[in-house]
Amino acid sequence: MINKSNEFTRRILNFPAIRPCESVSFSTLLTSLINLGQTVCGFKSRAFFTNKKNARTSIHLIETLVVFLEEIRNGSSRFEVSMALGLSELHFIFQRVHHLLEDCARDDARLWMLVKSEKVSTHFSVLMRAIAVALDVLPLADLDVADEVKDLVELVRKQALKAKFDVEKDDRRAMRRVLGIIDQFESGIAPESSHLEWVLEHLGIRSWSECNKEVKFLESEIGQEYLTAEKREVGFLSSLMAFMIYCRCTLFPSVDNARKGVPQKSDGGWSSELLSCLNADDFRCPISLEIMTDPVTISTGHTYDRSSILKWFRSGNHTCPKTGERLICVDLFPNHALKRLIKQYCHGSGIPFVESGTQNRELTRSSAGAGSLAAEQAMTLVASFLVGRLMAGRSEEQQLKSAYEIRLLTKTNIFNRSCLVEADAISPLLDLLLSSNPGAQENAMAALLNLSKYSRSKTIVVENGGLDIIVNVLSRGLTTDARQHAAGALFYLASVEEYRKAIGRIPGAIPGLMDLLRDGPDRAKKNALVTILGLLMYPLRTLGVHVLDSWN
């Protein structure tokens, strides 16, 4: 009776519930209600990071009710009609309680549930009182169950009415501390590390990956909030995300294995063993070579990203791009299972996943600033901290961690790029390209690729001798990923005519791109190809000679 489809994603602190159909049989309703109650009781073994007392009290009350429901199932059925109304109402309430407990137990939304503790407490109070009202409707006096069971139900009803569902003292204290730190950010003041650590300890966040999961959740919520007309929570969510990013960057000395931090979902999630056998190329659209965000399958059984295959059809093509087979039907069938797998893979691998149809909104967000004054000031502090850790003389581990953080921060956000450029991140990143550590070189090159999308950074890269260094990585990079990132960076740098000419004059540039085009994986080939096409806008005869020589 409960829809368990994974195709619908419920937003946190929203509790969609369906009232049982009036025509459902009494035994089916009762069995479904007992199963739902047992599912709620299963949260006894789950960890609650905030709102612990309210959650435990609610579970205990419903656990007692399940005993009563089992007695009804084993007893007389003379009062099925009069019982149905109350049980239907309980079924509706149990669904909502289940959603609320699910949110309280989430391990990626601890900070959000903390700052929403007042709202959460109110939800618990309203739902428990609704249970008391539903129990009032039941004809307890006429039921063929033991008097002790009736007394138990009456006790539950009274407790549900009288129980106080208040915000716990420690939660309130932690909430005040978080809000105080956000105020400090607004004033451009770096908070005390001990205050940050106290909040994270209260929330049970003890690793980089746990902190990063909080960042990803808040980022997702900001995206959802931008879809609303009011956008009421955007500023507050942005401030909270800045809080967690600051913690992630400043408190944790290293990045723990992100794959080990992937939550194992029981509702259709895939195991880490399966995900470890996959890589990003398995999820790329055969047309765009980008990771699919809205995979759809056509009649030949092949899957493409929706936007890419629609462009293919709109261009007058009525064939399958992979097989060339002419299509009688051009209907698109959403591949929900693949989409969930891609989302889980991206979440575990630290790859941003932008839902289909939200790219324009993401661009608007990234170009509009950090979302709040606190987020802007916090990002300025983070940029200064990370660049300081990149400087020569720091340990290799600190440099590696800082380069990785810069890589993440500059992936999609224009404001973050501007802050890091202003903090002089480019010069130490170029120095890190000369590192013998493959991870350090790859992260630094990926960060420079992201920064090269920002107009002011192009001049700084060139003035610091970056073209020759990047071409060297293109030709002799320690990893294929570093080489493909170098090709991507050259593409953006080549958008300036003067720099396009300078790249064309570097002897190793074209041979390096051609090697990548011949031997690299699909994504590397795409980066190399678009860069070559960009450079071909530079009409020097020598550039054409370089291309021809590279094919020979």
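Since the structure is predicted, the reported quantities are computational estimates derived from the model, not experimental observations.

Colleague: What is the right way to read the overall build of the protein from this model?
Modeller: Across its full length, the protein carries 26 helices and three strands. Each of the 552 residues in the protein was classed as buried or not, and the buried ones make up 48%. Across the protein, every contact between residues at least 6 apart in sequence was considered, and the portion connecting residues at least 24 apart equals 73%. When the accessible surface of the protein is split by element, carbon and sulfur atoms take 51% of a total near 25900 Å².

Colleague: Help me understand helix α22 (residues 480-493), please; the structure alone is not making it clear to me.
Modeller: Since there are 3.6 residues in each turn of an α-helix, residues three or four apart along the chain are aligned in direction. For α22, spanning 14 residues, the distance from its first C-alpha to its last is 20 Å, which sits close to the expected 20 Å at 1.5 Å a residue. In terms of residue burial, α22 counts as a mostly covered element, since 10 of its 14 residues are buried. Every buried residue of α22 is listed here: Ala-482, Arg-483, Gln-484, His-485, Ala-486, Ala-487, Gly-488, Ala-489, Leu-490 and Leu-493.

Colleague: I would appreciate a short explanation of the sheet that holds strand β2 (residues 303-305) in the present structure.
Modeller: Strand pairs in the sheet, formed through backbone hydrogen bonds, run parallel or antiparallel to each other. Taken in spatial order, the three strands of this open sheet run β2-β1-β3, and their pairing is antiparallel. Each end of this open sheet is capped by a strand with a single partner; those strands are β2 and β3 (333-334). In the sheet, strand β1 (residues 295-297) pairs with β2 via three bridges, with the strands oriented antiparallel. Counterpart to Val-296 in the pairing with β2 is Tyr-304. Against the sheet, helix α12 (residues 306-314) touches β1, β2 and β3, its axis set at about 95 degrees to β2.

Colleague: Help me understand unusual backbone geometry, please; the structure alone is not making it clear to me.
Modeller: Peptide bonds are mostly trans, and most non-glycine residues show a negative phi. Of note, Leu-13 is a non-glycine position whose phi angle comes to about 60 degrees, a positive value. Secondary-structure assignment places Leu-13 in the segment before α1 (26-41). Given the relative accessible area of 8%, Leu-13 is considered buried. The phi angle at Asp-424 is positive, at roughly 65 degrees, despite the residue not being glycine.

Colleague: Please explain the side chain of Glu-221 as it appears in this structure.
Modeller: Within the element layout of this structure, Glu-221 appears in helix α9 (residues 208-226). The buried category is assigned to Glu-221, whose relative accessible area is 5%. Dropping the residues within four chain positions of it, Glu-221 is found in contact with Arg-11, Ile-12 and Leu-237.

Colleague: Help me out: how do you make sense of the pattern of salt bridges in this one?
Modeller: Opposite charge on two side chains permits them to pair, given that their charged atoms come into close proximity. The full count for this structure, using the stated rule, is 22 salt bridges. Note that Glu-405 and Arg-248 form a salt bridge whose closest N and O atoms lie 2.9 Å from each other. Of this pair, Glu-405 sits in helix α16 (residues 396-409) while Arg-248 is found in helix α10 (residues 234-251), placing the two residues 157 residues apart along the sequence. Neither Glu-405 nor Arg-248 differs from the other in exposure class; each is buried. Residue Lys-526 is joined to Glu-290 by a salt bridge in which the shortest nitrogen-to-oxygen separation is 2.8 Å. Of the two residues, Lys-526 is situated in helix α25 (residues 522-535) and Glu-290 in the loop between α11 (272-276) and β1; the sequence distance between them amounts to 236 residues. By relative accessible area, Lys-526 is classed as partly exposed at 25%. Its relative accessible area of 31% is what places Glu-290 among the partly exposed residues. Through salt bridges that share partners, Arg-10, Glu-102 and Asp-103 make up one connected network.

Colleague: Looking at this model, I keep getting lost on the packing of aromatic side chains. Mind explaining?
Modeller: Geometrically, a pair of aromatic rings is defined through the distance of the ring centres and the angle of the planes. According to the stated counting rule, one finds five aromatic pairs in the structure shown. Note on Trp-208 and Tyr-404: the rings are 5.8 Å apart at their centroids and 45 degrees apart in plane angle, and the pair reads as tilted. On the criterion of sequence distance, the pair formed by Trp-208 in helix α9 and Tyr-404 in helix α16 is long-range, its members being 196 residues apart. The residue whose ring lies beneath Arg-19 is Phe-92, and the NZ or CZ to ring-centre distance is 3.9 Å. Sitting above the plane of the Phe-49 ring, Arg-110 keeps its charged end 3.8 Å from the centroid.

Colleague: Quick question: what am I supposed to make of the packing of helix α5 (residues 117-137) against helix α6 (residues 147-162) here?
Modeller: Angle between the axes and distance between the axes are the two parameters that describe a pair of packed helices. One can describe the packing of α5 onto α6 by two numbers: an axis separation of 8 Å at closest approach and a directional angle of 145 degrees. Crossing angle aside, the handedness with which α5 passes α6 is left-handed. Side by side, α5 and α6 meet where Met-128, Arg-129, Ala-132, Leu-135 and Asp-136 of the first sit next to Val-153, Val-156, Arg-157, Ala-160, Leu-161 and Lys-162 of the second. Residues of the contact of α5 with α6, tallied by class, amount to seven nonpolar, no polar and four charged.

Colleague: Explain the environment of Ser-187 here, please?
Modeller: As for its position among the elements, Ser-187 is in the loop between α7 (169-186) and α8 (193-203). A relative accessible area of 56% places Ser-187 in the exposed class. As a C-alpha pair, Ser-187 and Leu-373 span 186 residues in sequence and 8.8 Å in three-dimensional space.

Definitions and limits used
Residues numbered from 1 in each chain as written. Predicted model: local features only at pLDDT ≥ 70, side-chain atom pairs only at ≥ 80, totals over all residues. Heavy atoms only, no water. Helix = DSSP H or I, 4+ residues; strand = E, 2+ residues; numbered from the N terminus. Buried < 20%, exposed > 50% of the residue type's maximum accessible area, 1.4 Å probe, protein only. Contact = heavy atoms within 4.5 Å. Areas by Shrake-Rupley, 256 points an atom, 1.4 Å probe, with all protein chains shown as cover. Expected span 1.5 Å × (residues − 1). Pairing = 2+ DSSP bridges. Axes fitted to C-alpha atoms, helices over the stretch in contact; angles between N-to-C directions. Salt bridge = Lys/Arg side-chain N within 4 Å of Asp/Glu carboxyl O. Phe/Tyr/Trp six-rings, centres within 6.5 Å; stacked < 30°, edge-to-face > 60°. Lys NZ or Arg CZ within 6 Å of the ring centre and 35° of its normal. Left-handed = near helix turned anticlockwise from the far one by under 90°. Nonpolar A, V, L, I, M, F, W, Y, C, P; charged D, E, K, R; others polar.

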